[in-house]
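# Overview (structure and organization)
Take a look at the letters that make up each chain.
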Protein chains: 4
Amino acid sequence: MGIRVAVAGASGYAGGELLRLIAGHPELDLVAATAHSQAGTPVAAVHPQLAGLDLVLGVTDAETLADADLVFLALPHGQSAALAAQLPAGVKIVDLGADFRLHDAGAWGRYYGGTHAGTWTYGLPELPGHRAAIAASGRVANTGCYAATIALALAPLIAAGAADPADVVVVASSGTSGAGRSAKVNLLASEVMGDLSPYKVGAHQHVPEIKQATGATSLSMIPVLAPMPRGILATVTAKPLGDADPRAVLQAAYADEPFVHVLPAGTWPHTAATAGSNSCHLQATLDVDSGRIVVVSALDNLGKGAAGQAVQCANLMLGLPETAGLTVFGVAP
Amino acid sequence: MGIRVAVAGASGYAGGELLRLIAGHPELDLVAATAHSQAGTPVAAVHPQLAGLDLVLGVTDAETLADADLVFLALPHGQSAALAAQLPAGVKIVDLGADFRLHDAGAWGRYYGGTHAGTWTYGLPELPGHRAAIAASGRVANTGCYAATIALALAPLIAAGAADPADVVVVASSGTSGAGRSAKVNLLASEVMGDLSPYKVGAHQHVPEIKQATGATSLSMIPVLAPMPRGILATVTAKPLGDADPRAVLQAAYADEPFVHVLPAGTWPHTAATAGSNSCHLQATLDVDSGRIVVVSALDNLGKGAAGQAVQCANLMLGLPETAGLTVFGVAP
Amino acid sequence: MGIRVAVAGASGYAGGELLRLIAGHPELDLVAATAHSQAGTPVAAVHPQLAGLDLVLGVTDAETLADADLVFLALPHGQSAALAAQLPAGVKIVDLGADFRLHDAGAWGRYYGGTHAGTWTYGLPELPGHRAAIAASGRVANTGCYAATIALALAPLIAAGAADPADVVVVASSGTSGAGRSAKVNLLASEVMGDLSPYKVGAHQHVPEIKQATGATSLSMIPVLAPMPRGILATVTAKPLGDADPRAVLQAAYADEPFVHVLPAGTWPHTAATAGSNSCHLQATLDVDSGRIVVVSALDNLGKGAAGQAVQCANLMLGLPETAGLTVFGVAP
Amino acid sequence: MGIRVAVAGASGYAGGELLRLIAGHPELDLVAATAHSQAGTPVAAVHPQLAGLDLVLGVTDAETLADADLVFLALPHGQSAALAAQLPAGVKIVDLGADFRLHDAGAWGRYYGGTHAGTWTYGLPELPGHRAAIAASGRVANTGCYAATIALALAPLIAAGAADPADVVVVASSGTSGAGRSAKVNLLASEVMGDLSPYKVGAHQHVPEIKQATGATSLSMIPVLAPMPRGILATVTAKPLGDADPRAVLQAAYADEPFVHVLPAGTWPHTAATAGSNSCHLQATLDVDSGRIVVVSALDNLGKGAAGQAVQCANLMLGLPETAGLTVFGVAP
């Protein structure tokens, strides 16, 4: 008999990936998966890749979820706070939404609007000090997918004084599952295939989270929707401070990390290599012409960018091996 | 200390998938992975999705492989026989190539040319009698990816006398990894994306294997290259004999199978739901206009169509649980 | 001053392609483009590929359209009849919907439901006798995209007595634009990329149109959604009658056609080669194992399968050169 | 009888697009299309989208080409100089390769190596003064696809003193046809689909051309291979100088240009909207957090990035209307 977990918001893409990871996890038992409009539907009708999983989606409410030891919330942004407030204090929670990520209530208001729900422990174990904090927390705010990709690339460089936090330029391209499973014309396959499409240029709501997680003080972030189902590729540039080798700084920061891989010099990360895994691939160099630091970071937005990261946090919170139920290797090609 | 396995031909797509599955297998230890031109290269340089796997490709020869308890051969067609002959009799072998699949030496000559190497136990455990035969064999010829897809759809219907073996029409579309990792212009992304491209129409070399595995006596097989990295979708039609419900026949045949799923009535298989898994999804109906049986079958050509199937066979040959190291659920979206 | 044309239903994919073709047509002037919910929106906001076209979508009603010499109706199935009835008799109409295609009111009722609107001249100029009939008509029912692809492949063989009309098996895969521009989860890029997905297996509503256009008396039609924005690939098999070479029959039928190309022997059609064009590519052979005739047909579902075909019909109806404003060559890669 | 043109290097992707454009051009007659290893092959066997074009590829030599009024060279970089030297002075030439683009022989040596062939008129008509220079030239060096995308976005801002040329950061993603038609494993569909892959990070050979064309003095350029056949999306950021509205600067620069479209405020360019056209779409804003200018530029790398641009230059050189044979509107979806 394993540890009892539940997934609220199980009909979306992150929810489906959580169900897949939990099904393969040696210590976790799925006791409930809930949804809104899809409640009452068999899981496999909503997620055909889970054919053979004999479970019906329940209703997303506190009663259905309270019986679990740990609940994953994979709800639309803004819906976590109300539900979390209704769950018993003894039920641990990992929230995959943005509601509890920001320290700065003002930034919340400017970018998301509405009332700031509060701040939970930030769920990126590889940041200094975060691993222990997560393990000691009953409530964890999982990173956003863009923030995870960019923070792993940049935070150690700023922390080491090797990169100027005041002039960071990021272009980050995401696969379509990052936009969620809502039926919108701009997300139709006909529109997306063969297309690269920037959006929210100049004012993306993840900017405050990225600044908070990286230490950047000025950040230009340009998100692009890319014609692939999964994956984020972030190109991060900043002016160097001092003469540290940026790749060496990253290597030192992640030498003992199971899921963050600084690739051999000259080898650049690409998204497909991380698909289905909980790994992040990194590489860094100095641009020959401009002298800027260039870091490229790749991960699976549903893996290390969402569900995998959430399971990693849950493992820490539950006292399990941090890597339990997670894979280092991607599914490619 | 687990069972020692090796992979010959580890630089290709099936080889890479074998390495991934072995790395996640609870009972198998990888002792060697070999290649031809890539010998001496780190595995992760050839398969970036395996970043973190600390292994260098060896040379494909008997000396490198003989130390294993079981060897997977993922070589180009026609190269298995010579290598197999040099391996000690006590080393079990699963050959992913076509060399030892056919009973009919004449069919080999007509479709492949050259000398017929012989016939090994055919590695499709779900066919009647095959599971026990595989478990008792030291040499197994893994199914081809098309044959696995089509045989799982059709063999029970012909065996049950429900489908006429004399007028079978199949159209089967494959993702590009099925064409291998060789640098050919027609496999370039520029040529493939946005394109459906039939090939070897009217005379595909897998026809004899498919007839042998299904019991069909006349088969029209049209293969199509599809713009996706993985997956095979086969549409199989045949005239009905008697009045059995084809879906019920498939359900009866696969009721106890862990990897073959007859979907709920009205739900049709699609390839993405099987990606990364060892599952095959099936559905059948009678066409309203023509009355023909239509079966649709989907699987991952590198999973149940190649490396997953090979591991399933190896599990049987080694006395392990048949499902060890394999996943039922796909990675989607 | 050219001939005045209008497009009703200009916000969809076929409507957008009509606008593109009309803009490049030497004899046609676009006087109105209309829509429902998008009325009042600039065309380029709905169709970004038409940036620079200075036109606002009007309301789809008879008043807006009556001023044109010819109106293209690119409306959802079932909406053409009411609008057509309100247009003056002198306004020529090409309807891209299904409403007026079928001769058999019973088949309409069985497959579409509701009242049969009637029957207009069928808009496939390459069928025997159709060119003259179209030129003489003021009302033309444009072919469906599947029907065009399949009829061009099969009709000459049945007409020549070379193929048995009583046992035709078709598998036809379509790009996603064939499913229209409606926001549905199953059409999201996340669901479609990397996926082949059959639908309406065994009972597709285009079967009666295909039978009518080809002469087939029994037809198994399996449609598949493919991960590409445009293109249809149909594989058509039938039993041969007599010993005619099926390729030679097709060559004879299309020797003088500008848009139908029987490829050199051994070269098989693929969809990307027809993208953006009004061409259909064909090839035929006899299957070595089964002896069945196999014909493969490829075209652009928005080109020869919809908007291109409609312009070709309009050219005939207006006494213009049949090829005016249309291209033979595809946009590839 | 039109103006006689020839295409050297007609077997590649840019060559194929040139043939397509010339076939649709009202004033140009194609008198020769040449290749190396494919000489002697029918054009339609090499470019299936040109089925129906009755022409055999000739040998790439001066004798075959000298009879034309204008020759397009679509050769691998480094091969244009020798051939150009053998052509009569009266034969006009548009070179799609890099050989004659750079003013700075030192930069050529550093990035390309070998001897600098010389400098021809740079073929980007929309840059100040370039249109007249092109019209007066017999030898024109067509822009590179990255340089065209980036120069159209940035050159007017630097020229107007609105952007700091000393800290430009560009991330530019290209479809695969930009990598050419050579059979390389990293360009296989299996590797590319579902993948974003940066390359030559920190030291791309197009940097000197981009600096020359834009006026940038320090440039960080990160190229990314994207899973689509065509299109380039460049995100260009620079520090603002003064308080000019960057969008207004671009609007003023391109008010009379037929092929460069500054989109309505708030609408961002995406690549698919330009496919098959000679258009470039632009948008600009100031980043809310960093204050940097962000310009996004999209075009078809084979259109305005290569063959379309070359035809536009040829039109100018031949005294034809600049837009002859070119399309403003893209083929989408």
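Please read all numbers here as calculations on a predicted model, not as lab measurements. (Residues numbered from 1 in each chain as written. Chains lettered and ligands numbered in written order. Predicted model: local features only at pLDDT ≥ 70, side-chain atom pairs only at ≥ 80, totals over all residues. Heavy atoms only, no water.)

Within chain A, the regular secondary structure consists of 11 helices and 14 strands. Projecting the C-alpha coordinates of chain A onto the three principal axes gives extents of approximately 60 × 45 × 40 Å. Relative to its full complement of 333 residues, chain A shows a buried share of 63%. Long-range contacts, defined here as pairs at least 24 residues apart, represent 68% of the contacts in chain A between residues at least 6 apart. Accessible surface, chain A: about 10000 Å² in total, of which carbon and sulfur atoms supply 54%. The centroid of the 16 positive side-chain charges in chain A is displaced by 3 Å from the centroid of its 25 negative side-chain charges. (Helix = DSSP H or I, 4+ residues; strand = E, 2+ residues; numbered from the N terminus. Buried < 20%, exposed > 50% of the residue type's maximum accessible area, 1.4 Å probe, protein only. Contact = heavy atoms within 4.5 Å. Areas by Shrake-Rupley, 256 points an atom, 1.4 Å probe, with all protein chains shown as cover. Lys, Arg positive; Asp, Glu negative; His and termini not counted. Charge placed at Lys NZ, Arg CZ, Asp CG, Glu CD.)

This part is about the relation of the copies chain C and chain A. Turning chain C through 180° and shifting it by 0.0 Å along the axis lays it on chain A, with an RMSD of 0.0 Å. When the rotation and shift are considered jointly, the pair of chain copies conforms to a two-fold rotation axis. Identified as the residue of chain C closest to the rotation axis by C-alpha distance is C:Ala189, at 1.8 Å. Of the interface residues in chain C, 100% have counterparts in chain A that sit at the interface too, so the contact is made through matching surfaces. (Least-squares fit on C-alpha atoms with pLDDT ≥ 70 in both.)

Residues and elements named next belong to chain A. Sequence positions flagged by UniProt for "active site" (unreviewed entry) are, in local numbering, Cys-145. With respect to the secondary-structure elements, Cys-145 resides in helix α7 (residues 145-159). Overall, Cys-145 belongs to the buried group, its relative accessible area being 14%. In this view, Cys-145 contacts Ile-232, Leu-299, Asn-301 and Gly-305; residues no more than four positions away in its chain are not counted. (UniProt positions renumbered as here; feature names shortened; annotations may be inferred.)

The next point concerns the interface of chain C and chain A. How big an interface is tends to be reported as the loss of accessible area on association of its parts. On the side of chain A, 18 residues touch chain C, which itself brings 18 residues to the contact. Taken together, both faces of the contact between chain C and chain A bury some 1500 Å²; the carbon and sulfur share is 62%. Summed over the shared surface of chain C and chain A, the number is 2 salt bridges. Note that A:Arg181 is salt-bridged to C:Glu191, the shortest N-O span being 2.9 Å. For the pair chain C and chain A, the number of links is 10 residue pairs in polar contact (both at pLDDT 80 or more). Element by element, the count of residues in the side of chain C that touches chain A is highest for helix α8 (residues 189-192) of chain C, at 4 residues. (Buried area = accessible area lost by both parts, 1.4 Å probe. Salt bridge = Lys/Arg side-chain N within 4 Å of Asp/Glu carboxyl O. Polar contact = N/O pair within 3.5 Å; in protein donor to acceptor, adjacent residues only side chain to side chain.)

Next up on the list: the relation of the copies chain A and chain D. Each copy superposes on the other: chain A lies on chain D with an RMSD of 0.0 Å after a rotation of 180° and an axial shift of 0.0 Å. The fraction of interface residues of chain A whose copies in chain D are also interface residues reaches 100%, indicating that both copies meet through the same surface.

Right, let's get into the nonpolar core. Generally speaking, a soluble globular protein has its nonpolar side chains buried in company with each other. Ranked by internal contacts, the top residues of the largest apolar core, which has 52 residues, are D:Leu18, D:Leu70, D:Phe72, D:Val94 and D:Leu96. Listing elements by their share of this core, those giving two or more residues are α8 (189-192) of chain B together with β1 (3-8), α1 (13-23), β2 (28-35), α2 (43-46), β4 (70-73), α8 (189-192) and α11 (303-317) of chain D. Per-element accounting of this core gives the leading share, 8 residues, to α11(D). Leaving out residues up to four positions away in the same chain, D:Leu96 has contacts with D:Ala14, D:Leu18, D:Phe72, D:Leu73, D:Ala74, D:Arg101, D:Asn142, D:Ala306, D:Ala307 and D:Ala310. (Core = buried A, V, L, I, M, F, W, Y, C linked by side-chain atoms within 4.5 Å.)

Moving on, we come to the UniProt feature "domain: Semialdehyde dehydrogenase NAD-binding" (unreviewed entry) in chain A. With numbering matched to this structure, UniProt assigns "domain: Semialdehyde dehydrogenase NAD-binding" (unreviewed entry) to residues 4-135 of chain A. For the annotated span residues 4-135 of chain A, helix accounts for 30% and strand for 20% of the residues, and the straight-line distance between the end C-alpha atoms is 17 Å.

Take the interface of chain A and chain D next. On the chain D side, the residues contacting the 45 residues of chain A number 45 residues. With both chains or domains summed, chain A and chain D bury close to 3500 Å², and 62% of this area falls on carbon and sulfur atoms. A per-residue breakdown of the area chain A buries against chain D is headed by A:Leu196, A:Val201 and A:Asp289, which together make up 17% of the total. Residues D:Asp167 and A:Lys239 are paired through a salt bridge, measuring 3.7 Å at the closest nitrogen-oxygen approach. Scanning the region where chain A abuts chain D turns up 16 residue pairs in polar contact (both at pLDDT 80 or more). Of all elements in the fold, only β8 (168-174), β9 (197-198), α9 (207-214), β10 (219-225), β11 (232-238) and β14 (293-299) of chain A reach the threshold of two or more residues within the side of chain A that touches chain D. Broken down by element, the residue count for the side of chain A that touches chain D peaks at 5 residues, all from β10(A). Looking at side-chain class alone, the side of chain A that touches chain D contains 23 nonpolar, 14 polar and 8 charged residues. (Nonpolar A, V, L, I, M, F, W, Y, C, P; charged D, E, K, R; others polar.)

On to the pattern of salt bridges. According to the stated counting rule, one finds 56 salt bridges over all chains in the structure shown. Here D:Arg292 makes a salt bridge to A:Asp167, at a shortest N to O gap of 2.8 Å. One end of the pair, D:Arg292, is in the loop between β13 (280-286) and β14 (293-299); the other, A:Asp167, is in the loop between α7 and β8, on a second chain. Considered together, D:Arg292 and A:Asp167 belong to a single accessibility category, that of buried residues. Linked by salt bridges that have partners in common, A:Asp167, A:Lys239, A:Arg292, D:Asp167, D:Lys239 and D:Arg292 make up one network.

Before going further, it helps to spend a moment on the sheet that holds strand β8 (residues 168-174) of chain C. What holds strands together in a sheet is hydrogen bonding between their backbones, with the strands either parallel or antiparallel. All names here are of chain C. Pairing in this open sheet of 7 strands is mixed, and the strands run β9-β10-β8-β11-β14-β13-β12 from one edge to the other. Each edge of the open sheet carries a strand with a single partner, namely β9 (197-198) and β12 (260-262). Here 2 bridges tie β9 to strand β10 (residues 219-225), and the two strands are oriented antiparallel to one another. Pairing of Ser-197 across the sheet is with Leu-225, part of β10. Against the sheet, helix α10 (residues 246-254) contacts β12, β13 (280-286) and β14 (293-299), and its axis sits at roughly 150° relative to β13. (Pairing = 2+ DSSP bridges. Axes fitted to C-alpha atoms, helices over the stretch in contact; angles between N-to-C directions.)

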